[in-house]
Amino acid sequence: MAKSGPQRYPGASTAYWYGSKYPGSAMESNVIVWHTTEGTSLPDYSGGSVAPNLTAKPDFAAKRLVWYQHFDFDVSARALVNKAGGVETNTLNACQVEIVGTCDPATHDRWTKAGYAHLYTPELPDWAIRDLAAFAKWAHDNHGVPLSSGLTFKAYPGSYGANGVRMTGTQWTNFKGHCGHQHVPENDHGDPGAFPIAAILSLAKNGTAQEDDMPTADEIATAVLKKDGLIVVPGAAASNPTWTLSSVQTEILSRLGKIAATEAAQSAAIAKLAQLVGSNVDTAAVVAAVQKAIADAVVKVSVDVTGPDAS
């Protein structure tokens, strides 16, 4: 099958070109398979014997991805397992892209504690999503790769092995669009984990990244509570950024008590005013209006981060 269209991604370096050593098979790619290298530097891919078509390496200072191309876009790469007697993998119209980084939360935690700058696919920065979307758009515009997936990108390590999202041979043969290593039959790898494919493809199609309508319970817990049970108080001084849950509860109850006392005092004052002015004032209506205004204000009460009981 003859390849067509531009074969080199604009701006990609060919410093690590393996197309001469491993000529591969020509094809018309209509699938992008996304991988993660599980490292922080550009791999040597065992001299190219297990290389993808392209590698995207982060440049954190410049906030961009640096691209390296190892094979033409429409030439089979070598990053997938292909078992004898099964379906074709590397040679079945698939362009493969490795992202230098990790999809493993345990690796992410270890690298973070060690101070290693790295990409973690479930939490890709906007600039990485931007550059991945630019590649997806180029592949669509120049090679017709659909800007669609229809697959679930499971979080690692649940994405490893028999993960419930890996395609059958027939599904793989008929698939077009964007998938991950975790979806390819005859393979057991789980990369690229919880990859933000919806945001990438939305940006490639519409120029805006698609976001989830509602955060998950885990995302809320991560954003609000630290592992030691402290609540992060937005706007707090750096010297006192957190309160314990009991401290916040005590402060809220105290403030609600003050509001209730204020409400009672104001109601009494209005009643007294009505007696002084005369019967033309609808005392009950005025009291009800004031009480409603106070009740509405309760929801706007914020905790003073410099108040008592701060921990």
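Residues numbered from 1 in each chain as written. Predicted model: local features only at pLDDT ≥ 70, side-chain atom pairs only at ≥ 80, totals over all residues. Heavy atoms only, no water.

Description of the sheet that holds strand 4 (residues 94-99)
Consideration 1: The sheet built from five strands is open, its strands ordered 3-2-4-1-5 with mixed pairing. Every other strand in the sheet has two partners, leaving strand 3 (64-69) and strand 5 (177-180) as the edge strands with one partner each. In this sheet, adjacent strand axes meet at a mean angle of 25 degrees when their direction is disregarded.
Consideration 2: Alignment of strand 2 (residues 54-59) against strand 3, held across six bridges, turns out to be antiparallel. Note on strand 3: the bridge partner recorded for Lys57 is Val66.
Consideration 3: With respect to the sheet, helix 3 (residues 126-143) is in contact with strand 1 (31-36), strand 2, strand 3, strand 4 and strand 5, its orientation differing from that of strand 3 by roughly 40 degrees. (Pairing = 2+ DSSP bridges. Helix = DSSP H or I, 4+ residues; strand = E, 2+ residues; numbered from the N terminus. Axes fitted to C-alpha atoms, helices over the stretch in contact; angles between N-to-C directions. Contact = heavy atoms within 4.5 Å.)

Focus: the pattern of salt bridges
A pair can form between side chains of opposite charge whenever their charged atoms are brought close.
Consideration 1: Within the structure shown, the criterion is met by four salt bridges.
Consideration 2: Linking Asp72 and Lys3 is a salt bridge whose minimum nitrogen-to-oxygen distance equals 2.6 Å. One end of the pair, Asp72, is in the loop between strand 3 and strand 4; the other, Lys3, is in the segment before strand 1, with 69 residues separating them in the sequence.
Consideration 3: Owing to a relative accessible area of 12%, Asp72 belongs among the buried residues under this scheme.
Consideration 4: With its nearest N and O atoms 2.8 Å apart, the salt bridge here joins Arg8 to Asp72. Taken as a pair, Arg8 in the segment before strand 1 and Asp72 in the loop between strand 3 and strand 4 lie far apart in primary sequence, 64 residues in all.
Consideration 5: One network of salt bridges, in which partners are shared, links Lys3, Arg8 and Asp72. (Salt bridge = Lys/Arg side-chain N within 4 Å of Asp/Glu carboxyl O. Buried < 20%, exposed > 50% of the residue type's maximum accessible area, 1.4 Å probe, protein only.)

Topic: the packing of helix 3 against helix 5 (residues 197-206)
Consideration 1: Where helix 3 contacts helix 5, the axes come no closer than 8 Å and their chain directions differ by 60 degrees. As far as their axial angle goes, helix 5 and helix 3 are oblique. The interaxial crossing formed by helix 3 with helix 5 has right-handed handedness. Contacts between helix 3 and helix 5 involve Ile129, Arg130, Leu132, Ala133, Ala136 and Lys137 from the former and Ala199, Ile200, Leu201, Leu203 and Ala204 from the latter.
Consideration 2: In the contact of helix 3 with helix 5, the residues fall into nine nonpolar, no polar and two charged. (Parallel < 35°, antiparallel > 145°, perpendicular 65-115°, else oblique. Left-handed = near helix turned anticlockwise from the far one by under 90°. Nonpolar A, V, L, I, M, F, W, Y, C, P; charged D, E, K, R; others polar.)

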